Amino acid sequence: MKKKRIVILAASIIAALTSIAIISSGILYYIVTSPQINLEETAYIYIYPHDNSDSVINKIKKAAGPKSTLGFKILAEHNNFDQKKRSGKYAIKDKDSWRTIYSRIISKEQTPVKVVVPSVRSFEQLSKVVSEQLMFDSLSIHELLTSKVFIEHLGYTLETFPTLILPNTYEFYWNIEPEQFISRMMRERKIFWNEERLAKAKAINMTPEEVATLASIVDEETNNNAEKPIVAGLYINRLKRKIPLQADPTVKFAIGDFTRKRILNADLEIESPYNTYKNTGLPPGPIRIATIAGIESVLNHAKHNYIYMCAKEDFSGTHNFATTLAEHNANARRYQAALNKLNIKK
């Protein structure tokens, strides 16, 4: 009888433990799989390579404010999250469970970020703007953009490399490497320079790099997109007639000062391949990253006889155009008088 009681007691204990295990498993399953997030709008977290489970949990707390993060902790400990962590931008959605969130991160189901690649005057500026939108730092992308070995490997020179970049808004994964950014720019350039645009460039005896170089000058001359084809046509007229472009923005580039409102006679004497007052033809490369509007204005330039232009005296950012030197000089005198009136010396 004693042995029987022991057997019954043992069976009871086993049954109780089994019940507890089943109940515990059910509770854990509920914690892990039930909706834990209550949001009106999707939130996002950014995970860096150095983040561990604790820092990721803190980011989820801050972004979504769940009442408990036990489910994520259980999954992270059970599946060695710190050895499987993934950097990137991840969505935290309404009614998400911890299993859904955990799986999204481990599976690298990132949400792309929209990155604005701007038309700027230097790779230093580009590096700063782009790195503020992606995970890599500005130094790493700047070193790549200015590496002579890397640039020449891609078939460019230091002067022509800015023609690779097409300002636009692109989707990237937030954790891409600088090399991946450059590769994407190369693909976008190849797509942009289709047969139609290449044919238009050939029709004006220009390579895509030369088109972008002229477009960069047009962009510096005017922000008015409606005026850009006129300005482009003027410079193409000069190129055809082998007249120096005499573009003030190229002089500003040569002296390294785009803030100048007035170009002095002494500035025109600076020795630089970018000084289009002293050199005929296009400079060695762009003076900024050309806009798509600027490139299109060159490829689809206005047909006219203008060979002179001068900023309007109303400082509207647009220009007076002329076909004769006498007409141009009259326009220039009005603009200079307006500068003098405001006591603008440079």
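Above this text is the structure in question.
These notes cover the structure that comes with them.

## Observations concerning empty space enclosed by the protein
- Applying the stated criterion across every chain yields a total of one cavity of 30 Å³ or more.
- When its volume is computed, the largest cavity comes out at roughly 30 Å³.
- Taken together, Pro162, Thr163, Ile165, Leu166, Ala212, Pro286, Arg288, Ile289, Ala290 and Ile295 form the lining of the largest cavity.
- A per-class count over the lining of the largest cavity returns eight nonpolar, one polar and one charged.

## Re the nonpolar core
- Counting residues in hydrophobic clusters, the biggest one holds 53 residues, and the most contacted among them are Leu126, Leu134, Phe181, Tyr235, Ile295 and Val298.
- Formed by 20 residues, the second largest nonpolar core is a distinct cluster that contains Ile37, Val56, Ala76 and Tyr102.

## Side note on the packing of helix H11 (residues 208-221) against helix H12 (residues 228-240)
- At their nearest, the axes of H11 and H12 sit 9 Å apart, and the two run at 130 degrees to each other. Classified by the angle their axes make, H11 and H12 are oblique. Here H11 runs over H12; the crossing is right-handed. Across from Leu214, Ile217, Val218, Asp219 and Glu221 in H11, the residues of H12 making contact are Lys228, Val231, Ala232, Tyr235, Ile236 and Leu239.
- Within the contact of H11 with H12, the residues separate by chemical class into eight nonpolar, no polar and three charged.

## Here's the deal with unusual backbone geometry
- At Asn205, a residue that is not glycine, the phi angle is positive and equals roughly 60 degrees.
- Residue Asn205 is classed as exposed on the basis of its relative accessible area of 70%.
- Its identity as a non-glycine residue notwithstanding, Gln246 has a phi of 50 degrees, on the positive side.
- By the element assignment, Gln246 lies in the loop between H12 and helix H13 (248-255).

## Concerning the pairing of strand S3 (residues 113-117)
- Residues Val113, Val115 and Val117 of S3 are buried on one face, while the alternating residues Lys114 and Val116, pointing to the opposite face, are not.
- One ladder, built from five bridges, connects S3 with strand S4 (residues 168-172); its direction is antiparallel. For Val115, the partnering residue across the bridge sits in S4 and is Tyr170.

The rules we used
Residues numbered from 1 in each chain as written. Predicted model: local features only at pLDDT ≥ 70, side-chain atom pairs only at ≥ 80, totals over all residues. Heavy atoms only, no water. 1 Å grid on protein atoms, 1.4 Å probe; cavity = no way out; pocket = protein on both sides within 12 Å on 5 of 7 lines; lining within 4 Å. Points joined across faces, edges and corners; volume = space filled by probe spheres on them. Nonpolar A, V, L, I, M, F, W, Y, C, P; charged D, E, K, R; others polar. Core = buried A, V, L, I, M, F, W, Y, C linked by side-chain atoms within 4.5 Å. Buried < 20%, exposed > 50% of the residue type's maximum accessible area, 1.4 Å probe, protein only. Axes fitted to C-alpha atoms, helices over the stretch in contact; angles between N-to-C directions. Helix = DSSP H or I, 4+ residues; strand = E, 2+ residues; numbered from the N terminus. Parallel < 35°, antiparallel > 145°, perpendicular 65-115°, else oblique. Left-handed = near helix turned anticlockwise from the far one by under 90°. Contact = heavy atoms within 4.5 Å. Pairing = 2+ DSSP bridges.

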